[in-house]
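Overview (structure and organization)
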Amino acid sequence: MTPEMRVGTAVDIHAFSAQSERPLFLACMYWPGEQGLDGHSDADVVAHAAADALLIASGIGELGTVFGVDRPEWAGASGSSLLAESVRLVREAGWEIMNVSVQLLGQKPRFAPRKKEAEQAMTAVVGAPVSVSASTSDHLGFVGRKEGLAAIATALVTRN
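Every chain begins its residue count from 1, and numbering advances along the sequence as written. It should be noted that, the model being predicted, local features are given only for residues of pLDDT at least 70 and side-chain atom pairs only at 80 or more, the latter also being counted only at that level, while totals for whole chains, interfaces and linings use all residues. Heavy atoms throughout the structure, all of them, feed into the side-chain values; hydrogens and water do not.

Defined as follows: UniProt positions are given in the numbering used here, feature names are shortened, and annotations may be inferred rather than shown by experiment.
Labelled according to an unreviewed UniProt entry, the chain appears under the name 2-C-methyl-D-erythritol 2,4-cyclodiphosphate synthase, originating from Arcanobacterium phocae. Under the UniProt heading Catalytic activity (unreviewed entry), the entry covering the chain gives this text: "4-CDP-2-C-methyl-D-erythritol 2-phosphate = 2-C-methyl-D-erythritol 2,4-cyclic diphosphate + CMP". The UniProt entry for the chain carries the following text under Subunit (unreviewed entry): "Homotrimer."

**Structural notes on the pairing of strand β5 (residues 130-135)**
Rules: A pair of strands is labelled paired if DSSP reports no fewer than 2 bridges between them. Comment: elements are numbered from the N terminus, with helices defined as DSSP H or I runs of at least four residues and strands as E runs of at least two.
Pairing between strand β4 (residues 96-105) and β5: six bridges, direction parallel. Along β5, the bridge assignment pairs leucine 104 with alanine 134.

**A look at the pattern of salt bridges**
Rule in force here: The salt bridge criterion pairs a side-chain nitrogen of Lys or Arg with a carboxyl oxygen of Asp or Glu, the two atoms within 4 Å. Whether a residue is buried, partly exposed or exposed follows from its accessible area with a 1.4 Å probe, protein chains only, as a fraction of its type maximum: under 20%, in between, or over 50%, in that order.
According to the stated counting rule, one finds eight salt bridges in the structure shown. With its nearest N and O atoms 3.5 Å apart, the salt bridge here joins arginine 6 to glutamate 4. Look at glutamate 4 and you get partly exposed, because its relative accessible area is 34%. Arginine 159 is the partner of glutamate 4 in a salt bridge, and the nearest nitrogen-oxygen pair spans 3.4 Å. Taken together, the positions of glutamate 4 in strand β1 (residues 4-15) and arginine 159 in strand β6 (residues 148-159) put the pair 155 residues apart, joining distant regions of the chain. Exposure remark for arginine 159: the relative accessible area of 28% places this residue in the partly exposed category. Among the charged side chains, a salt-bridge network with shared partners connects Glu4, Arg6 and Arg159.

**Description of the UniProt feature "domain: 2-C-methyl-D-erythritol 2,4-cyclodiphosphate synthase" (unreviewed entry) in the chain**
Within the UniProt annotation, "domain: 2-C-methyl-D-erythritol 2,4-cyclodiphosphate synthase" (unreviewed entry) is assigned to residues 5-157. Each end of residues 5-157 is marked by a C-alpha atom, and these two atoms are 6 Å apart; helix forms 31% of the span and strand 27%.

**Considering the packing of helix α3 (residues 79-92) against helix α4 (residues 115-126)**
Our working definition: All axes here are fitted lines through C-alpha atoms, helices being fitted over the stretch that makes contact, and every angle between N-to-C directions spans 0 to 180 degrees. An angle counts as roughly parallel when it lies under 35 degrees, as roughly antiparallel when it exceeds 145, as roughly perpendicular when it falls between 65 and 115, and as oblique in every other case. Between two residues, a contact is recorded if the distance between any of their heavy atoms is within 4.5 Å. When residue character is reported, Ala, Val, Leu, Ile, Met, Phe, Trp, Tyr, Cys and Pro are called nonpolar, Asp, Glu, Lys and Arg charged, and the others, Gly included, polar.
Packing of α3 against α4 brings their axes to within 9 Å, and their N-to-C directions diverge by 40°. On the basis of the axis angle, α3 is oblique to α4. Facing Ser80, Leu83, Ala84, Val87 and Arg91 of α3, the residues of α4 in contact are Met122, Val125 and Val126. Considering only residue class, the contact of α3 with α4 consists of six nonpolar, one polar and one charged.

What follows is the structure in structure tokens.
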């Protein structure tokens, strides 16, 4: 019997915070000395996009419906906890996670020096391979003007 396979694609976007003390979290990691992002949770666009792609692929829903702003218990939650809960829900629904790929879009912070660390952190939470890459927008749009960050994720899930 051929396993059922599904792909989910998701985007997450957050603006940089005007609060200088707001920490930056990306790819389930803290980025000291960097400007944080505004959001209901920690605004980790990389973890959020990955979680959303997994929820979409498995047919569970979307990040905003599962962990939306109307759910006060998720206020301030870490991207890693949202991702871990998404993984739990996906597996509980009978899906196996094959892999996740995420691309961060932004002018800052400089991502390449922490790429491997980011992939290890995300893979540890997901329990399946996660690849993370980054790109700039050549100074175009809100990302290019350093107003925020975006991430695009694709997840592959299967079940027999």
